[in-house]
Amino acid sequence: MSDIEVKKIIKPMLASDGAGVKLKRSIGVEPNYFDPFLMLDEFGSDSKDDYIGGFPAHPHRGIETVTYMLQGEFEHEDSTGAKGRMKSGDVQWMKTGSGIIHSEMPAMSEGTLHGFQLWINMPANLKMSKPNYIYIDAEQMQTHKDEEKIVKVIAGKFEQAEGPVKKHNVEPVYLDIELKKNKEFNFELPSTHNSFIYLIKGEIKIGKHHHQKVENSKLILLEKGSKLKVFGSTDSKFLLIAGKPIGEQIARGGPFVMNTKQEILQAVEDYHKGTFVK
Ligand code: FE
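Keep in mind the model is a prediction, meaning the values are calculated, not measured.

**Student:** Hey, could you go over the coordination of the iron ion for me, with residue numbers and the actual values?
**Tutor:** Donor atoms from the polypeptide that coordinate the iron ion comprise His 58 (NE2), His 60 (NE2) and His 102 (NE2), at 2.1 to 2.2 Å from the metal. Here the donor residues of the iron ion share one chain and are spaced in sequence as H-x1-H-x41-H. Like His 60, His 58 is buried.

**Student:** Describe the sheet that holds strand S9 (residues 91-95), listing the residues and the values that go with them.
**Tutor:** What links the strands of a sheet is backbone hydrogen bonding, and the strands pair in either a parallel or an antiparallel sense. With antiparallel pairing, the seven strands of this open sheet are ordered in space as S2-S3-S4-S11-S6-S9-S12. Strand pairing shows two members of the sheet lacking a second neighbour, strand S2 (13-17) and strand S12 (132-136), which therefore form its edges. Neighbour-to-neighbour, the strand axes of the sheet open up by a mean angle of 20°, direction not taken into account. The sheet contact formed by strand S4 (residues 37-45) and strand S11 (residues 113-121) spans eight bridges and is antiparallel. Residue Asp 41 lies in a different strand from S11, and its bridge partner there is Gln 117.

**Student:** Before we move on, can you summarise the sheet that holds strand S13 (residues 142-145) with the specific residues and values?
**Tutor:** The seven strands lie next to each other as S1-S22-S19-S24-S17-S14-S13, forming an open sheet whose pairing is antiparallel. Two strands close off the open sheet at either side, each with one partner strand: strand S1 (6-10) and S13. Between one strand and the next, the sheet's axes are offset by a mean angle of 20°, whatever the strand orientation.

**Student:** An account of the environment of Ser 79 is needed here, citing residue identities and associated values.
**Tutor:** Looking at the element boundaries, Ser 79 is found in the loop between strand S7 (74-78) and strand S8 (83-86). The partly exposed category is assigned to Ser 79, whose relative accessible area is 32%. Along the sequence, Ser 79 and Lys 278 sit 199 residues apart, while their C-alpha atoms lie 9.8 Å from each other. In this view, Ser 79 contacts Ile 100, Ile 101 and Val 277; residues no more than four positions away in its chain are not counted.

**Student:** Residues and numbers for the nonpolar core, please.
**Tutor:** Leu 118, Tyr 174 and Phe 196 are the most contacted members of the largest nonpolar core, which totals 28 residues. For this core, the secondary-structure elements that each account for two or more residues are S4, strand S6 (63-71), S9, S11, strand S14 (149-155), strand S19 (194-201), strand S22 (218-222) and strand S24 (236-243). Those residues in contact with Tyr 174 that sit more than four places away from it in its chain are Val 66, Tyr 68, Phe 116, Leu 118, Lys 152, Val 153, Ile 154, Ala 155, Leu 239, Leu 240 and Ile 241. Counting 25 residues, the second largest nonpolar core, distinct from the first, contains Ile 4, Val 151, Leu 175 and Leu 222.

**Student:** Run through the pattern of salt bridges, naming residues and quoting values.
**Tutor:** For the structure shown, the criterion picks out 19 salt bridges. Its salt-bridge partner being Arg 85, residue Glu 73 comes within 2.9 Å of it at the nearest N-O pair. Here Glu 73, found in the loop between S6 and S7, pairs with Arg 85, found in strand S8; they are 12 residues apart in sequence, far enough to count as distant. The partly exposed category is assigned to Glu 73, whose relative accessible area is 26%. Within the structure, one salt-bridge network assembled from shared partners comprises Lys 87, Asp 90, Asp 137 and Glu 139.

The rules behind the values
Residues numbered from 1 in each chain as written. Predicted model: local features only at pLDDT ≥ 70, side-chain atom pairs only at ≥ 80, totals over all residues. Heavy atoms only, no water. Donors = N, O, S within 2.8 Å, 3.2 Å for Na, K, Ca; no water. Buried < 20%, exposed > 50% of the residue type's maximum accessible area, 1.4 Å probe, protein only. Pairing = 2+ DSSP bridges. Helix = DSSP H or I, 4+ residues; strand = E, 2+ residues; numbered from the N terminus. Axes fitted to C-alpha atoms, helices over the stretch in contact; angles between N-to-C directions. Contact = heavy atoms within 4.5 Å. Core = buried A, V, L, I, M, F, W, Y, C linked by side-chain atoms within 4.5 Å. Salt bridge = Lys/Arg side-chain N within 4 Å of Asp/Glu carboxyl O.

Written out as structure tokens, the structure is:
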């Protein structure tokens, strides 16, 4: 069993997407591709001007988008007819497959909005599959609690708590961890997986080796390995995300991620011809 150490610490870049929503982008600053993860955005602000424009109707093909609302509410609507309101703590896990057109708009006109959107690549054999959703209601999310930590399980398993995403090709792990000061979080990961931690708040130490101090809104890419040890230098909150690499060539074109340039051109053509939604 090898200990997992820090590979690289990335300070997210300020970016904006949709209709001017301000966000911090860590994975996805091209050509960075941390297989199978294509993008990670932290969005949110206390100021409505930073998010009120939302994400008006736009298409996706060939990826999965996982939206995790920590605080605030979003109204979503898409071309499969699905419609709903995401509230604080909810997760929407969307497999766009061959294509979906959706909008994600804030259902609030004041207050704090805070959340994450992760893009996971889909392998060639699933890129043109039928769109599919998993919705995880905050109240139904399985959670482990003890004196030292609270672990919410969006995907994977921690102790008795398990996420609803099963039989997934990248065998994803997605945990939200609150760790008390001077306590340790230990987790076993498959050594096949690429993994990272997104530190939302606090200060932590990872593995046995020395590494640069990490605090607040930092992405920490991890080396492959099996034993992860995180020490809380202060009370902290972080996400642990991991998945098995797909290992295929990718071609990116905005909201479409395929294997070849030709397939990107096809997606753009389908969208303009109105034949995008199968
Ligand atoms: Fe989207």
